[in-house]
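An overview of the molecular structure
Letter by letter, the chains look like this.
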Amino acid sequence: GRGIGPAYEDKVSRRALRLCDLQHPDLVREKLDQILIHHNALLKGLGAEPIDAAGLYDKVMAIAERILPHSAPVWRVLDQARRDGKKILFEGAQGLMLDVDHGTYPYVTSSNTVSAQAASGSGVGPKAINYVLGITKAYTTRVGTGPFPTEQMNDIGETLGQRGHE
């Protein structure tokens, strides 16, 4: 029920396992041990069972060979495509109201959702983006939990949810 938030928390706390780390099994083991110091302390404090480091390591390494062939320095791939005159399409989701900085904080997603984020999120320079097309819904929705003062708990709200596949 917390969406991507816990993953972003690990990222900005500099304790996350990154895709490029999967190339180095010893580093994966070391990082998982550090990550679990944090998470297992929380789990213990909440009366939950700790996560087994060896079991988690085995699961991560079991999928590493399937994932690694799909990894590359994205900024380099995109820069080459741009230099070759290819068109690059960036897709974003959520919209401004859910942007962590510009939305209805604290009831937002865990990242920036504005179009400018396409540049920093992908590693291309901001001048590489020369056209932005925004498409929006006729109504605002939410992810996760929290108040949503304009939500209609009636037939109209139900119809909007059904028609919008929410």
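Look a little higher up for the structure.
A brief report on the enclosed structure follows. (Residues numbered from 1 in each chain as written. Predicted model: local features only at pLDDT ≥ 70, side-chain atom pairs only at ≥ 80, totals over all residues. Heavy atoms only, no water.)

What follows is about the overall build of the protein chain. Assigned secondary structure in the protein chain consists of 6 helices and 0 strands. For the protein chain, the sequential pattern of α-helices and β-strands runs α-α-α-α-α-α. Relative to its length of 166 residues, the protein chain is extended, with a C-alpha radius of gyration of 20 Å against a globular reference of 15 Å. Burial statistics for the protein chain: of 166 residues in total, 17% are counted as buried. Restricting to contacts in the protein chain with at least 6 residues of sequence separation, those with at least 24 account for 44%. A total of about 12900 Å² of accessible surface is found on the protein chain, and carbon and sulfur atoms cover 55% of it. Computed over 19 positive and 19 negative side-chain charges, the separation of the two mean positions in the protein chain equals 8 Å. (Helix = DSSP H or I, 4+ residues; strand = E, 2+ residues; numbered from the N terminus. Rg over C-alpha atoms; globule rule 2.2 N^0.38 Å. Buried < 20%, exposed > 50% of the residue type's maximum accessible area, 1.4 Å probe, protein only. Contact = heavy atoms within 4.5 Å. Areas by Shrake-Rupley, 256 points an atom, 1.4 Å probe, with all protein chains shown as cover. Lys, Arg positive; Asp, Glu negative; His and termini not counted. Charge placed at Lys NZ, Arg CZ, Asp CG, Glu CD.)

A separate point is the nonpolar core. Formed by Leu22, Val28, Leu32, Ile35, Tyr57, Val60 and Ala64, the largest nonpolar core amounts to 7 residues. Secondary-structure elements contributing two or more residues to this core are helix 2 (25-45) and helix 3 (53-67). The residues touching Val60, leaving out its near neighbours within four places in the chain, are Leu17, Leu22, Val28 and Leu32. (Core = buried A, V, L, I, M, F, W, Y, C linked by side-chain atoms within 4.5 Å.)

What the rule picks out here adds up to 0 aromatic pairs. A cation over a ring is seen here: Arg29 above Tyr57, with NZ or CZ 3.8 Å from the ring centre. (Phe/Tyr/Trp six-rings, centres within 6.5 Å; stacked < 30°, edge-to-face > 60°. Lys NZ or Arg CZ within 6 Å of the ring centre and 35° of its normal.)

What follows concerns helix 6 (residues 155-163). Two or three places before Ile156, at the start of helix 6, stands the capping residue Asn154, its side-chain oxygen 3.0 Å from that residue's backbone nitrogen. Just downstream of helix 6 lies His165, where phi reads positive at about 55 degrees. (Polar contact = N/O pair within 3.5 Å; in protein donor to acceptor, adjacent residues only side chain to side chain.)

Turning to its location among the elements, Gly5 is positioned in helix 1 (residues 5-12). The class for Gly5 is buried, based on a relative accessible area of 16%. Sequence spacing of Gly5 and Gly47 is 42 residues, and the spatial spacing of their C-alpha atoms is 22 Å.

Here we take up the environment of Gln94. With respect to the element layout, Gln94 can be found in the loop between helix 4 (74-83) and helix 5 (117-122). By relative accessible area, which is 43% here, Gln94 ends up partly exposed. For the pair Gln94 and Ser120, spaced 26 residues apart in the sequence, the C-alpha separation amounts to 17 Å.

The next point concerns unusual backbone geometry. Of note, the amide linkage connecting Tyr105 to Pro106 takes the cis form, showing an omega dihedral of 10 degrees. Looking at the element boundaries, Pro106 is found in the loop between helix 4 and helix 5. The phi torsion at Arg14 lies on the positive side, around 60 degrees, for a residue other than glycine. Within the element layout of this structure, Arg14 appears in the loop between helix 1 and helix 2. With relative accessibility at 75%, the residue Arg14 sits in the exposed group.

Bringing the environment of Ala16 into the picture now. Along the chain, the position of Ala16 falls in the loop between helix 1 and helix 2. Taking the C-alpha atoms as reference, Ala16 lies 7.6 Å from Lys31; in sequence the two are 15 residues apart. The residues contacting Ala16, other than those within four sequence positions of it, are Asp10, Lys11, Asp21, Lys31 and Ile35.

Our next topic: a nonpolar patch on the surface. Residues Leu19, Ile63 and Ile67 make up a contiguous nonpolar surface patch of roughly 210 Å² in combined accessible area. Turning to its location among the elements, Ile67 is positioned in helix 3. What makes Ile67 partly exposed here is its relative accessible area of 30%. (Patch = residues over 30% accessible without salt bridge, like charges linked within 9 Å, V, L, I, M, F, W, Y side chains within 5 Å. Salt bridge = Lys/Arg side-chain N within 4 Å of Asp/Glu carboxyl O.)

So, to be careful, I would describe these as geometric facts and stop short of saying anything about function.
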